[in-house]
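The chain contents come next:
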Amino acid sequence: MRWLLLIVCAAITTGLIIVLDTRLTVAGAKTPRLGYFLSPQKGFWHNAEADDKNFDADIKNAYLKGKVNVYLDERLVPHVYAEQENDAYFVQGYLHAKFRLWQMEFQAYAAGGRLSEIMGAKSNGSDFLAIDKFFRRLGMVYAAEQSLRAIEADETSKAQADAYTAGVNAYISSLSEEDYPLEYKLLDYKPEPWTNLKTALFMKYMAYDLAGGEDDFEMTNAKSIFTKEQFEKLYPYGQDILDPIIPKGTAIAKSGLVLKKPSKADSLYLNFFKKKDTAAIKNPVKPDKDNGSNNWAVSGSKTKSGRPILCNDPHLGLNFPSIWYEMQISTPEYNAYGVSFPGAPSIIIGFNDSCAFGFTNAERDVRDYYEIKFKDSTMKEYWFDSTWQPTTFRDEIIKIKDAPSDTEHIAMTVFGPVMYDQHYDNKLKNGKAYACRWKAHDSSNELRTFNQLDKAKNYHDYENAISTYQCPGQNMLFAAKNGDIAIRQQGQFPAKWKRQGDFIMPGEDSAYMWQATIPDSMNTTMLNPARGFVSSANQMPYDTSYPYYLGGSYPPYRGFFINWRLSNMQNITIEEMQQLQTSNYNILAKLAKPVLEKYMDVKRLSTYEKNLYDKFESWDLKNDAAEEGPSVFAVWIDSLSDAMYADEFSQTSLPLMEPVTSTLIEGIAKDSLYEFADNINTPQKETISDVVTLAFKNAAKTLNSANLLQKLAWGKFKDSGIRHLLRLPQLSRLHLNAGGGTFSVNAYKQFHGPSWRMIVQLTDETEAYGVYPGGQSGNPGSKYYDNFVDTWLAGKYYKIAIVGEAAIKKQTSLKGTMSFSKG
Amino acid sequence: MKFISAIILTALLGYAAPLFFTWWSFAITSFIVAIVVHQKAGQAFTAGFAAMFFLWGIQALIYDTANHHRLSEKIASILKLGDSSFVLLLITAFIGGLISGMAALTGSFTRKYKALA
C-alpha cells in the first residue's frame, strides 16, 4: 500500500514539475514555462528592479586597454569617461547590452529575417514567417554582409565595431539564467553572442525604414488604368506649396553627366493604359511613409544670444524600448552627448564641444525593380544583353521554432536579388520574376560618418565626415559655435531620368539600369545663407528644375511652415524653438479650409451634420488634444480622398497608391472641373461641390459614432500610444491623450512621431535640451522604463549637457558608478 | 520539533539548490528532507508545503515591495489574472509549496513510519 502511494505521489510530483516546466498553449498563444517564470530565484520576480537600486559595478576585462569610468545620473543616463577611445565603444556596447539587450537582439533578428526562430511561424495574429521571408528576399542579410566588408576594410571602423561587439559580449557572458531580460523569460529563449554583422544588420534595418520605401508595383498598376494626363494629375512631380530644402533659384553645380533615356522607353516603359489582371496580395511589410523628421538651424543673426541654435526631432515608430539611448562619451579625442542606437557605436544625433548635428530623412527613391526573364524554372540563366547569363544563388534558411526550416532559394543577378519569382509572388499576382536594385545592397560604411561627426570641430570636419555617406540618404544639419550653419542632403543617389524608377523596369539589358551616381558636387550644401536659417522636413531637396529625377515621396507642409515661421522670427530664444518643435498647428488645415469652404454646400447638411461642420468652422486649426475640430477635419479629408478616387480606383482589384493629400487639395483648388470629381459609376456628372459635401456627410457618420462614445476630441480620437515591440498592451503606454498629427510640426500620429526632440544653443557653455518618449532602461520592471513619457507628452524637455568628470563625481543624485578596467 | 526542523531544512535547501541548479531542484531537496526527517504523511506534506510556500512568498514579496508592484501588476495582467499583484504572489507561493509538499509526501512514503518509542 505504501509503495503504491509512493509511486502515485512520485508521479504527481514529477507531473507537476513537467507541466510547469513546459510552455502551454492557451487560446492560440504560448505561456512561458510557468514554474520557471514564477520562481523567485530564476523567474520574472528577479526582473522586478528595486526602485532605489544602486547600479555600482566593477568590471574587469582583458579587452580593455585603459580605465573607463561611468557615472549614471538621476535619469540613468551614463556619462562615460575613457582613457582610450576604443574602450569607450566597448563600454558603450556593454551599457547598451546591460540596459537594452533584448531590444538589440530582437531588432537584429527582425532585420535578419529570424523572427520565426523565436516566435514560431505564426503567433498572436502575426505571420512572422511572412515577415522573415520578405526581409530575406529583399536581401537584408546580403546588404549587411556587403556593409560589413566596407566597415571591416576601414581599420578605424573595424576597431570600433570590434570593441563595441566585445563590450556587448562581455555583458552577455556575465549573465546567468535569472539575469535574462523579461522578454527572454516570456518567450523562453536565450541571448546569443553579438557580432559585427548584427551591427551591420541593425544599420540596414534603419536603411530599410528610411530608404526602403517604394510603390513601384502600385504605380505600374496605375499606369495600366490611367492615361498619361490622368496619371500626372494623380501623382504629380512636386507640389505648388513646395518650399524646397535648397531654395528655388539657388545655383546648382553643373555636371557633364548626360543620361540616356532608353530608346523605346515611351512605348515600353511609359506605357499608360494597358490590360488588367487578377486579385491582390497584401504586402506584409512596408516602411511607414511618415518616417521622416524635422530639423533646422538658425544663425546667430536671428537669435537673441547671437549664436546658432540647432533643432532636430526624428519621426519614427514609437516603441518600448525606445530606438534611442541617451549618453555622453568622453575620450581624450572628444566629448559628445546625444542619442545612440542600441546596436551600433557612436552618438548619432547630438553635440560635442564645438558643434551640433542632426538628421532628417531624404526620402529619395533608391529601390527599384527589374523584370527578369529566366530561361526555365531552374532560374539558372536569365536573358541579359542578348545572351543567357548565369545566376548565382543565395539560400536563405529560415529556422522556425517547433517546425522544420524554410529555405528561400534566391537567384542573384546583375541587378541584385530576384526578390519575387514563381515561388514568391508579387502584388500584381503575375508570377513574374523581379530583381530588386536597392542602394542599401551596395557596400558602404556609414559608421565612419557618425564617428567623425562626434569628433568634428568645424564645418570642414563636417564636410569630411559626411562625404563618404551613402545610404540611407539624409538631410545632414550642422551648426557650430563659431557661427556656421549648414545643411546638405547627403547620400549616393542614382542619376535618373524623369520617372525612372517609378515603375517596374525591363531587365533584359542595361538600358534601364542606374547609369551613374549623382556627383557629390550636386548634393548641394547650403552654408550660412543670407536668410539666416537652414531647415528640412522631408520636402523635396531642390525644385523640379534639378537636372536629375527626384523620385520619392516628399510631404511639403512641415517644411513650408517651418521656413515661413523662421523667416518671420527675430531674436529667437530656446523657448520659441521648443514651441515650434511642439507646435500642433495643422498646416494642411490652414491651406485646405478655404478650398473646402468654397465647395461645401452647407444647405445640404442635416442638423447634426451642420453641428459637426460648425465645430470645424470654429476650430483654431491647432491639433490640440481637447479640440474636436481636428477629428472632423481628419475624417473629412480621408472621406474626401475616398469619395474622389475610389470609383476610378475600383477599376482594378490590384493595389494602387492613394494620391497624397497635397495632390487632392491642390487639384481641387486649381481646377474647378477636376475630372476625378465625377463618379464614373453613376450616369450623372458629379461636381467637386457634390463630392466635398458627400464626403462630409459620410464623415459625419463616423464622427457621430465617435461623439456618442465621447471620443470626438482629438486626443481620444487619435488614441495615441507607445507600444512594446511585442505589442503586449501591459508593457505599452496606450490611450495617451496627445495632440499633434501628420500635418503638424509635432508629427505625432497614433504610434509614430518625434522619437527624440533636441534643441542645442551653441553658446560657449552650450545650452541644450532633449527628451524622448521612453526611458533608459528596457526592463519593464524598472522605474526607468517609461519615466520620460509624461515629460515628452507635456511638450517639456530635460536640460542636457556634456559634464566634466570632476563635476559629475560630486553629484549626489547619481544612481551608480561603474568602473571598467583591464583585467 | 521534527516538524519545525523539517520546515527550516526544507526552506534552507530549497533556497540554496536553485542557486546552482534548475528552478525545480528544490523538489529533490524537499524529497530528501522528508526522508531524513521522517514524519507521518500529512505532517511531511504540510512541512514541505509550508516551507516553500513561505520561502517563495516572502522572496517574491521582498522583490515586489522594493519594486512598488510595478512589474507584478503587468505580469498578472499578461497571465490573465486581472492586475492584482497579491493574486500573483499567492500563486507563486502556492506553486512552490505544492511541488515541495508533493515531493515531501513522496519522500515520507519511502520509509515505514515508526512512532518514536
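Starting from 1, residues in each chain are numbered consecutively following that chain's sequence as written. All chains are assigned letters beginning with A, and all ligands numbers beginning with 1, in the order in which they are written. Note on the predicted model: pLDDT of at least 70 is required for a residue's local features to be given, and 80 or more for side-chain atom pairs to be given and counted; whole-chain, interface and lining totals, by contrast, use all residues.

Some remarks on the overall build of chain B
Then, number 1: Counting its secondary structure elements, chain B contains five helices and zero strands.
Then, number 2: Helix numbering and strand numbering both begin at the N terminus, where a helix is a DSSP run of H or I of at least 4 residues and a strand a DSSP run of E of at least 2. Helices and strands appear in chain B in the N-to-C order α-α-α-α-α.
Then, number 3: In chain B, which comprises 117 residues, the share counted as buried stands at 50%.
Then, number 4: By the convention adopted here, residues are in contact when the distance between their C-beta atoms, placed from the backbone, does not exceed 7 Å. Of all intrachain contacts in chain B linking residues separated by at least 6 positions in sequence, the fraction that spans at least 24 positions is 73%. Exposure classes come from backbone-placed C-beta atoms, where a residue is buried if 20 or more other C-beta atoms lie within 10 Å of its own, exposed if 12 or fewer do, and partly exposed in between.

Considering the overall build of chain A
Then, number 1: Across its full length, chain A holds 24 helices and 33 strands.
Then, number 2: The globule rule puts the C-alpha radius of gyration for 823 residues at 28 Å, and the 28 Å found for chain A is close to it.
Then, number 3: Reported as C-alpha extents along the three principal axes, the dimensions of chain A are approximately 90 × 75 × 65 Å.
Then, number 4: With 823 residues in all, chain A has 52% of them scored as buried.
Then, number 5: Taking the contacts inside chain A whose residues are at least 6 apart along the sequence as the reference set, 72% of them involve residues at least 24 apart. As a reference, a globule follows 2.2 Å times the number of residues to the power 0.38, and the radius of gyration itself is taken over C-alpha atoms.

Some thoughts on the confidence of the model for chain B
Then, number 1: When pLDDT is averaged along chain B, the result is 92, and 96% of the positions lie at 70 or above.
Then, number 2: Interface confidence in the predicted complex, given as ipTM, is 0.95; pTM for the same model is 0.95. You can read pLDDT as the predictor saying how much it trusts each residue, on a scale of 0 to 100.

Considering the sheet that holds strand β10 (residues 319-320) of chain A
Residue and element names in this part refer to chain A.
Then, number 1: Pairing between strands is defined by DSSP: at least two bridges between the two strands are required. Read across the sheet, three strands follow the order β10-β27-β28 without closing on themselves; strand pairing throughout is mixed. The open sheet has two edge strands with one neighbour each: β10 and β28 (733-736).
Then, number 2: For β10 and strand β27 (residues 720-724), the ladder comprises two bridges, and the chain directions are parallel. In the sheet register, F320 faces β27, and the bridge partner there is H724.

With respect to helix α2 (residues 25-36) of chain B
Then, number 1: Given a rise of 1.5 Å per residue, twelve residues ought to cover 16 Å, and the 17 Å separating the end C-alpha atoms of α2(B) matches this to within 8%.
Then, number 2: By the burial criterion, the buried members of α2(B) are B:F26, B:A27, B:T29, B:S30, B:F31, B:V33 and B:A34.
Then, number 3: Of the surrounding secondary structure, the elements contacted by the buried residues of α2(B) are α1 (2-20) of chain A together with α1 (2-20), α3 (41-66) and α5 (85-108) of chain B. Between the first and last residue of a helix there are one fewer steps than residues, each counted as 1.5 Å, and that sum is the expected span.

Brief notes about the sheet that holds strand β3 (residues 57-61) of chain A
Within a sheet, adjacent strands bond to each other through the backbone by hydrogen bonds, running parallel or antiparallel.
Residues and elements named next belong to chain A.
Then, number 1: Across the sheet, which stays open at both edges, the eleven strands sit in the order β3-β33-β4-β5-β11-β12-β13-β14-β22-β23-β25 with mixed pairing between neighbours. Looking at the sheet topology across the chains shown, the edges are occupied by β3 and β25 (525-527). Each strand of the sheet is rotated relative to its neighbour by a mean of 15°, with strand direction disregarded.
Then, number 2: Across three bridges, strand β5 (residues 78-82) lies against strand β11 (residues 325-330) in parallel orientation. Residue V80 lies in a different strand from β11, and its bridge partner there is I329. With axes taken as lines fitted to C-alpha atoms, and helix axes fitted only over the stretch in contact, angles between N-to-C directions fall between 0 and 180 degrees.

Some words on helix α20 (residues 661-670) of chain A
Then, number 1: For α20(A), the full list of buried residues reads A:T661, A:S662, A:L664, A:I665, A:G667 and A:I668.
Then, number 2: Of the surrounding secondary structure, the elements contacted by the buried residues of α20(A) are α11 (228-234), α17 (587-599), α19 (629-649) and α21 (688-708) of chain A.

Looking at the interface of chain A and chain B
Then, number 1: With 31 residues of chain A at the contact, the number on the chain B side is 32 residues.
Then, number 2: Elements represented by at least two residues in the side of chain A that touches chain B include exactly α1 and α2 (34-38) of chain A.
Then, number 3: For the side of chain A that touches chain B, the leading source of residues is α1(A), giving ten residues.
Then, number 4: Side-chain classes are defined by residue name, with Ala, Val, Leu, Ile, Met, Phe, Trp, Tyr, Cys and Pro counting as nonpolar, Asp, Glu, Lys and Arg as charged, and the others, Gly among them, as polar. Broken down by class, the residue content of the side of chain A that touches chain B amounts to 18 nonpolar, seven polar and six charged.

Some thoughts on the domain arrangement of chain A
For an interface, size is often stated in terms of accessible area lost upon the parts coming together.
All names here are of chain A.
Then, number 1: Boundary definitions for the domains trace back to an automatic or database domain assignment. Under the domain assignment, chain A is made up of domain 1 (54-74 + 81-223 + 238-370 + 445-495 + 514-583 + 766-823) and domain 2 (588-718).
Then, number 2: Computed over C-alpha atoms, the centres of domain 1 and domain 2 are 36 Å apart.
Then, number 3: Counting residues per element, the side of domain 1 that touches domain 2 draws most heavily on helix α10 (residues 216-222), at five residues.
Then, number 4: Here the residues of the side of domain 1 that touches domain 2 are counted per class, giving eight nonpolar, two polar and five charged.

Here we look at the pairing of β5(A)
All names here are of chain A.
Then, number 1: Counting buried positions along β5 gives five out of five residues, so the element sits mostly inside the fold.
Then, number 2: The side-chain alternation of β5 yields two buried faces, one formed by P78, V80 and A82 and the other by H79 and Y81.
Then, number 3: In terms of strand pairing, strand β4 (residues 68-72) meets β5 through five bridges, oriented antiparallel. Within the sheet, the bridge partner assigned to V68 lies in β5 and is A82.
Then, number 4: Here β4 folds back onto β5 in antiparallel fashion, the turn holding five residues, of which L76 has a positive phi close to 65°.

A word on the packing of α3(B) against α5(B)
Residues and elements named next belong to chain B.
Then, number 1: Remark: α3 packs on α5, axes separated minimally by 6 Å, with the N-to-C direction vectors making an angle of 150°. Taken as axis vectors, α3 and α5 run roughly antiparallel relative to one another. As α3 runs across α5, the sense of the crossing is right-handed.
Then, number 2: Residue composition of the contact of α3 with α5, by class: 20 nonpolar, ten polar and one charged. Oblique is the label for any angle not covered by the other classes, which are roughly parallel (under 35 degrees), roughly antiparallel (over 145) and roughly perpendicular (65 to 115). When the near helix sits turned anticlockwise from the far one by under a right angle, the crossing is termed left-handed; a clockwise turn instead gives a right-handed crossing.

Topic: the nonpolar core
Nonpolar side chains in soluble globular proteins tend to be buried together.
All names here are of chain A.
Then, number 1: V91, A297, Y434 and F478 are the most contacted members of the largest nonpolar core, which totals 221 residues.
Then, number 2: Among the elements that take part in this core, helix α3 (residues 85-111) stands out by supplying 16 residues, more than any other.
Then, number 3: Residue assignment places this core across two domains, with domain 1 (54-74 + 81-223 + 238-370 + 445-495 + 514-583 + 766-823) and domain 2 (588-718) each supplying three or more.
Then, number 4: Not counting chain neighbours up to four residues away, the residues in contact with A297 comprise P308, I309, L310, L477, A479, I485, F533 and V534. For this entry, the nonpolar core is defined as buried Ala, Val, Leu, Ile, Met, Phe, Trp, Tyr and Cys residues connected by C-beta atoms within 7 Å.

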